[in-house]
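# Architecture and fold: a report
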Amino acid sequence: GALVYQYPRRTICKSGTSMRMECQAVGFQATSVAWYRQSPQKTFELIALSTVNSAIKYEQNFTQEKFPISHPNLSFSSMTVLNAYLEDRGLYLCGAGDRGYAEQFFGPGTRLTVL
Amino acid sequence: GEKVEQHESTLSVREGDSAVINCTYTDTASSYFPWYKQEAGKGLHFVIDIRSNVDRKQSQRLIVLLDKKAKRFSLHITATQPEDSAIYFCAATGSGTYQRFGTGTKLQVVP
């Protein structure tokens, strides 16, 4: 079956430091990976959509300079939160999809705490 | 782009009654509408979905209805149980290969 792993599951970083999170798809080709953030008590906001061999498209309020993403192959994507501050805390979710299918398979998320 | 609105932010029902959560969307190209459940402190758990080629889908106690004309879809949970208590998110896939989420409905099933 199709599975998506995310690691770390939880992480704590000091304000102003950076933190990298990873997303791995198993059992299918992750031709597109979408990264989302759920801030405390809120819904899931789309940060960016990454498609293999295409430019990464960032949503308004999110930039490559702050959330650089790497999607080097069909099973792996990573995103870094640079210079993290309190407003960056939350659950970061990776949703991977296969070309031609509307379904996304979600990982369990990386929960970021910023001190 | 697609926008998804989830109308009930909280919902409280008695155990055994039905719960209904409503969502609307804006992108007429949207063709896939999943529902997810999130328990406290946890990630997303897929519960049921519906595609635009049907207007009703049922899986055990869960029923999803889709009204394409009104751009509205709803989740019906019948014979609710305390373990149904959670936050439910609707989502829609527009013309891109990603989902837009509603704002979430906190469902509380009271014994």
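Relevant structure appears above.
Residues numbered from 1 in each chain as written. Chains lettered and ligands numbered in written order. Predicted model: local features only at pLDDT ≥ 70, side-chain atom pairs only at ≥ 80, totals over all residues. Heavy atoms only, no water.

### Quick look at the sheet that holds strand 3 (residues 19-26) of chain A
All names here are of chain A. Note the threshold: Two strands pair if DSSP finds at least two bridges between them. Going along the chain from the N terminus, every DSSP run of H or I of four or more residues is numbered as a helix, and every run of E of two or more is numbered as a strand. Under this scheme, a helix contributes an axis fitted over its contacting stretch, all axes are lines through C-alpha atoms, and angles between N-to-C directions fall in the 0 to 180 degree range.
If you trace the four strands from one edge of the open sheet to the other, you get 1-3-8-7, paired in antiparallel fashion. The open sheet is flanked by strand 1 (3-7) and strand 7 (69-73), the only strands paired with a single partner. Direction aside, neighbouring strands of the sheet carry axes that sit 15° apart on average. Bridge count for strand 3 against strand 8 (residues 76-81) is six bridges, and the pairing is antiparallel. Looking at the pairing, M21 lines up with M79 of strand 8.

### A few points about the state of the cysteines
Applicable threshold: Throughout, disulfides are identified as pairs of cysteine sulfur atoms within 2.5 Å of each other. For every residue, the accessible area (1.4 Å probe, protein chains only) is compared with the maximum for its type, and the residue is labelled buried under 20%, exposed over 50%, or partly exposed between those bounds.
All chains considered together, the criterion is met by two disulfides over all chains. Each sulfur in the disulfide pair C23 of chain A and C94 of chain A lies 1.8 Å from the other. Measuring the twist about the S-S bond at about -40°, one finds the C23 of chain A-C94 of chain A disulfide to be left-handed. Of this pair, C23 of chain A sits in strand 3 while C94 of chain A sits in strand 9 (residues 90-97), placing them 71 residues apart in sequence. Comparing C23 of chain A with C94 of chain A shows no difference in burial state: the two are buried. Each sulfur in the disulfide pair C23 of chain B and C90 of chain B lies 2.0 Å from the other. Disulfide C23 of chain B-C90 of chain B: torsion about the S-S bond near -100°, hence left-handed. Highlighted residues: C23 of chain B in strand 3 (residues 19-25) and C90 of chain B in strand 9 (residues 86-93), separated in sequence by 67 residues. Of the two residues, C23 of chain B and C90 of chain B, both sit in the buried class.

### Examining the pairing of strand 6 (residues 56-59) of chain B
Sheet faces and side chains relate simply in a regular strand, where the side chains alternate between the two faces. Residues and elements named next belong to chain B. Both strand 6 and strand 7 (residues 62-67) contribute to a ladder of four bridges, which runs antiparallel. Across the sheet, the residue bridging to S59 is L62, located in strand 7. The hairpin turn running from strand 6 into strand 7, its antiparallel successor, is two residues long, and Q60 in that turn takes a positive phi close to 55°.

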